[in-house]
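An overview of the molecular structure
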Amino acid sequence: MRLFPLVLKNVFRKKTRTALTIASTVLPLLVICLLATFVRALERPDPAATRGMFRLVTRHQVSLAVPIPVTYADRIARLPGVVAATKFTWFGGVYVDKSAKNFFPRFAVEPETFLRVFDDARILEGSNEEWLADRTGCVVGVESYRKYGWRLGQKVTLVGDIYPVNLELTIRGVYDLPEKGTARAIFFNRTYLEEALPSSAGQTGTVYVKAADAAAAGRLPKEIDALFENSPAPTKTESEKAFQTGFIEQLGNVKLLIGAIGFVIGLVVLLISANTMALAARERVTEIAVLRTLGYTKRTVFGLVLAESLALSLTGGLLGLALFSLLEPGLKSGLSNSPAGAFASNFKLFPEVLALGFVIAVGVGVLAGVVPALRSARRPIVEGLRQVA
Amino acid sequence: MAEPFIRIENLVKAYQRDTQSLTVLSGLNLVVDEGEFLALMGPSGSGKTTLLNLVAGIDRPTSGRIAVGGQEIHGMGEAALAKWRSRNVGFIFQLYNLVPVLTAFENVELPLLLTDLSRARRRKQVELALSIVGLTDRMDHYPRQLSGGQEQRVAIARAIATDPKLLVADEPTGDLDARSGEEILVLLERLNDEFKKTVVMVTHDPRAAARAHRLVHLDKGVLKEDIRAEGGKKEVGMAAAIAASAGFEPRP
């Protein structure tokens with residue numbers, strides 16, 4: 001500890017270089033934490049409460065884009081352990097304009113079964129009954145409701161893009177979900193869509209299934225898929241969270257991609273830090289030889305250089321983690337307004353992600369410093385004294 | 001008869017350069033008494049700095065024995081030798097070699113950080129060392145804020161901070177103007193006279209050598225001359241000795 005002030009003075013000896021090296025650690029660590037949090041948010045297990053749990057999603061085995069027959073919902077609903085099954089069709093459409101800020105999910109659903117499957121949804125204004133009574137009615141997520149300043153009874157027009165039809169919906173209810181960031185979608189009666197566009201009848205994008213308990217939720221995916229195994233439209237059934245991940249994974253193996261990006265970023269940080277430490281040690285060959293002359297052992301010199309590397313990377317690392325903690329609410333908000341908004345509720349400061357950032361900072365410090373530290377410690381004193389700084 | 005402070009026997013130092021072996025010191029024998037002020041002179045490549053490094057324990061002999069203060073240092077392990085240096089030897093370099101990011105105080109404190117001394121005790125030691133070299137008022141200055149002579153005085157304070165018995169100096173006035181060099185020589189002389197430090201100094205400067213009690217001339221790794229000052233007229237005697245051996249010394 002006595003030598004710590006010397007370590008610190010050496011760290012900040014070349015202020016510009018140190019500042020740039022620290023910055024080169026702060027920003028990548030911020031990105032790594034962001035990526036790790038995103039992956040962690042995808043993997044987060046379902047909440048412990050029964051409400052909202054044991055939900056499954058059945059879709060076409062080939063792709064989410066391929067519809068399945070609506071009759072599947074009724075057949076699934078008859079399986080033991082199924083509380084309810086509801087048809088879910090992605091309508092898409094445009095509201096206001098096509099910009100990302102005006103993007104929110106829009107689904108055609110079957111209101112009666114929808115409310116049984118999504119038993120964790122809470123109606124804040126209006127009522128289920130009003131929605132059920134109005135075929136053009138819809139329920140809207142409280143976040144979109146507030147964002148657009150909507151009122152109950154207001155007409156909302158969705159301009160069709162996937163489906164060549166415009167739908168004028170009437171707001172009959174406002175719902176909220178237990179986890180923030182998820183109550184953004186509009187759900188409307190699929191009968192209205194089928195009347196407006198008869199060709200859409202008979203098919204649904206997915207079927208959401210509410211299982212009775214964990215055991216049923218565990219066995220049902222296999223049973224459901226077995227039911228349609230030899231049909232023209234075989235299915236793939238997953239838990240809801242797995243489905244959401246799968247949705248994102250249609251772009252490729254996102255987790256692997258994120259991991260690879262994180263690894264490369266980490267490697268770049270390591271190389272930058274190693275370069276800084278190599279330069280710092282090379283510039284101080286004579287100084288280190290003088291320390292050895294004064295009685296500093298090889299081990300002490302090794303520790304001094306390594307501690308300097310660690311101090312440098314930890315300064316950057318801790319600043320990066322602090323910055324990430326500060327920016328997290330904004331990042332979450334940004335995510336909730338994106339097509340991946342369904343995961344925003346899970347996006348938070350995970351202790352394991354912060355620990356990962358810390359471990360990366362320590363790892364970079366050790367790996368970047370170990371070679372210069374060894375070289376400094378092993379260089380003969382006389383050779384070091386001969387070098388002119 | 002008392003044991004000499006430094007005893008060197010059959011000292012050989014050879015370097016391996018690619019396939020060739022270069023012998024710098026060839027079977028050198030030398031004894032130095034405690035409290036002596038010894039000047040090592042000789043042409044470049046004569047082995048004087050190598051001898052100084054070996055005596056100070058920062059280099060290893062190829063063969064032979066070196067004992068300093070009754071301790072044989074030629075066979076010591078790395079850590080033991082480092083510890084021995086920290087307690088027994090003070091170094092003074094031609095280019096001062098102060099750590100630029102540390103103040104004068106912190107530079108002098110460097111060797112004391114390896115001891116068990118408390119912070120207060122270290123402070124006292126540093127202040128004492130700086131007062132001996134006359135730089136108490138500059139203890140918070142960084143090396144860049146000091147003149148060359150002042151930097152060398154801080155380096156001397158660092159060398160004496162742990163109160164070692166042996167001071168080794170490699171061309172301590174080589175980078176200084178005449179006036180500053182004179183101040184440094186007076187200081188070394190005082191450390192020898194007043195504080196009873198044994199001083200071994202490599203120099204090319206006859207005026208510096210004239211301050212010593214004894215002049216040892218090396219050439220091609222062999223001791224050529226060993227001249228001691230006579231009685232109280234040491235400066236005059238040394239000057240004569242240097243004059244007599246002037247042919248030895250290359251002049252810049």
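Note that this is a predicted model, so its numbers are computed, not measured.

Thresholds, definitions, all that
- Residues numbered from 1 in each chain as written.
- Chains lettered and ligands numbered in written order.
- Predicted model: local features only at pLDDT ≥ 70, side-chain atom pairs only at ≥ 80, totals over all residues.
- Heavy atoms only, no water.
- Helix = DSSP H or I, 4+ residues; strand = E, 2+ residues; numbered from the N terminus.
- Buried < 20%, exposed > 50% of the residue type's maximum accessible area, 1.4 Å probe, protein only.
- Contact = heavy atoms within 4.5 Å.
- Areas by Shrake-Rupley, 256 points an atom, 1.4 Å probe, with all protein chains shown as cover.
- Phe/Tyr/Trp six-rings, centres within 6.5 Å; stacked < 30°, edge-to-face > 60°.
- Pairing = 2+ DSSP bridges.
- Axes fitted to C-alpha atoms, helices over the stretch in contact; angles between N-to-C directions.
- Salt bridge = Lys/Arg side-chain N within 4 Å of Asp/Glu carboxyl O.
- Core = buried A, V, L, I, M, F, W, Y, C linked by side-chain atoms within 4.5 Å.
- Buried area = accessible area lost by both parts, 1.4 Å probe.
- Polar contact = N/O pair within 3.5 Å; in protein donor to acceptor, adjacent residues only side chain to side chain.
- Nonpolar A, V, L, I, M, F, W, Y, C, P; charged D, E, K, R; others polar.
- Expected span 1.5 Å × (residues − 1).
- pLDDT = per-residue confidence, 0-100.

What about the overall build of chain A?
Across its full length, chain A holds 14 helices and 12 strands. Taken over 389 residues, chain A has a buried fraction of 51%. The contacts of chain A with a sequence gap of at least 6 include a subset with a gap of at least 24, amounting to 79%.

Some remarks on the overall build of chain B
Helix and strand content of chain B: 8 helices and 10 strands. Sorting the 252 residues of chain B into buried and exposed places 54% on the buried side. When the accessible surface of chain B is split by element, carbon and sulfur atoms take 49% of a total near 11200 Å².

Some details on the packing of aromatic side chains
For any pair of aromatic rings, geometry is given as the distance between the ring centres together with the angle between the planes. All names here are of chain A. Going through the model one piece at a time under the given rule, you end up with 23 aromatic pairs over all chains. Ring centres of phenylalanine 88 and phenylalanine 114 lie 6.1 Å apart, and the angle between their planes is 25°; this geometry places the pair in the stacked category. Of this pair, phenylalanine 88 sits in strand 3 (residues 82–90) while phenylalanine 114 sits in helix 4 (residues 111–117), and the two are 26 residues apart along the sequence. Residue phenylalanine 88 shares its accessibility class with phenylalanine 114, and that shared class is buried. Judged by centre distance (5.2 Å) and plane angle (75°), the ring pair of tryptophan 90 and phenylalanine 107 falls under edge-to-face.

Looking at helix 1 (residues 48–56) of chain B
Counting buried residues along helix 1 of chain B, 8 of its 9 residues qualify, which places the element largely inside the surrounding structure. Every buried residue of helix 1 of chain B is listed here: Lys48, Thr50, Leu51, Leu52, Asn53, Leu54, Val55 and Ala56 of chain B.

Details of the sheet that holds strand 3 (residues 37–41) of chain B
All names here are of chain B. Pairing is mixed across the open sheet formed by 6 strands, whose spatial order is 6-7-8-3-9-10. The open sheet is flanked by strand 6 (89–92) and strand 10 (222–228), the only strands paired with a single partner. This sheet shows a mean twist of 15° between the axes of neighbouring strands, independent of strand direction. In terms of strand pairing, strand 9 (residues 214–219) meets strand 10 through 6 bridges, oriented antiparallel.

A word on the pattern of salt bridges
Here the structure, examined in full by the defined rule, presents 30 salt bridges over all chains. Across the pair arginine 190 of chain A and glutamate 194 of chain A runs a salt bridge whose closest N-O atoms are separated by 3.1 Å. Of the two residues, arginine 190 of chain A and glutamate 194 of chain A both sit in helix 7 (residues 190–196), 4 residues apart, roughly one turn of that helix. In this structure, aspartate 226 of chain B and arginine 214 of chain B form a salt bridge, with 2.6 Å as the shortest nitrogen-oxygen distance. Of this pair, aspartate 226 of chain B sits in strand 10 while arginine 214 of chain B is found in strand 9, placing the two residues 12 residues apart along the sequence. Using a relative accessible area of 36% as the deciding quantity, one classes aspartate 226 of chain B as partly exposed. Taking the relative accessible area as the measure of exposure, arginine 214 of chain B reaches 1% and is therefore buried. Through salt bridges with shared partners, a single network forms among Glu36, Arg214, Asp226 and Arg228 of chain B.

Concerning the nonpolar core
Counting 61 residues, the largest nonpolar core has Tyr296 of chain A together with Ile6, Ile8, Leu51, Leu110 and Leu166 of chain B as its most contacted members. In this structure, Leu146, Ala155, Leu167 and Ala209 of chain B belong to the second largest nonpolar core, which totals 40 residues.

Things to note about the interface of chain A and chain B
How big an interface is tends to be reported as the loss of accessible area on association of its parts. Listed as interface residues are 20 residues of chain A and, on the opposing side, 28 residues of chain B. Here chain A and chain B share an interface that buries about 2100 Å² over both sides, 65% of which is from carbon and sulfur atoms. Contact with chain B buries area across many residues of chain A, yet Arg2, Lys9 and Leu294 of chain A alone supply 31% of it, more than any other trio. Here chain A is connected to chain B by 2 salt bridges. Notably, a salt bridge pairs glutamate 106 of chain B with lysine 9 of chain A, separated by 2.9 Å at the nearest N-O pair. At the junction of chain A and chain B, the tally comes to 9 residue pairs in polar contact (both at pLDDT 80 or more). Of all the secondary-structure elements, those providing two or more residues to the side of chain A that touches chain B are helix 1 (4–11), helix 11 (285–293) and helix 14 (381–386) of chain A. Examining the composition of the side of chain A that touches chain B, we find that 6 residues originate from one element, helix 11 of chain A, more than from any other. The class makeup of the residues in the side of chain A that touches chain B is 9 nonpolar, 5 polar and 6 charged.

With respect to helix 6 (residues 178–193) of chain B
Taking 1.5 Å per residue, 16 residues should reach 22 Å; helix 6 of chain B reaches 22 Å between its end C-alpha atoms and fits that length. By the N-cap criterion, in which a side-chain oxygen at the helix start approaches the backbone nitrogen of a residue two or three places on, helix 6 of chain B is capped by aspartate 177 of chain B, the distance to arginine 179 of chain B being 3.1 Å.

Side note on the environment of valine 290 of chain A
With respect to the secondary-structure elements, valine 290 of chain A resides in helix 11. Of the residues examined, valine 290 of chain A reaches a relative accessible area of 3% and is grouped as buried. Residues valine 290 of chain A and leucine 385 of chain A, spaced 95 residues apart in sequence, show a C-alpha to C-alpha distance of 7.1 Å. Setting aside anything within four residues of it in sequence, one finds valine 290 of chain A in contact with Leu385 of chain A together with Phe93, Asn97 and Arg158 of chain B.

Notes on the sheet that holds strand 4 (residues 63–68) of chain B
All names here are of chain B. Spatial strand order, 2-1-4-5: 4 strands in an open sheet with antiparallel pairing. Each edge of the open sheet carries a strand with a single partner, namely strand 2 (20–32) and strand 5 (71–72). Where strand 1 (residues 6–17) meets strand 2, 9 bridges bridge the pair, whose relative direction is antiparallel. Looking at strand 2, one finds that isoleucine 8 is bridged to leucine 30. Sheet contacts for helix 1: strand 1, strand 2 and strand 4; angle to strand 1, the most-contacted strand, approximately 120°.

What to know about the confidence of the model for chain A
Residue and element names in this part refer to chain A. Considering every residue of chain A, the mean pLDDT works out to 85; 89% of them sit at 70 or more. Across chain A, the element-wise mean pLDDT spans from 58 in helix 9 (residues 240–249) up to 94 in helix 11. Across residues 45–50, confidence stays below pLDDT 50; counting only partners more than four residues off in sequence or on other chains, it has 7 contacts.

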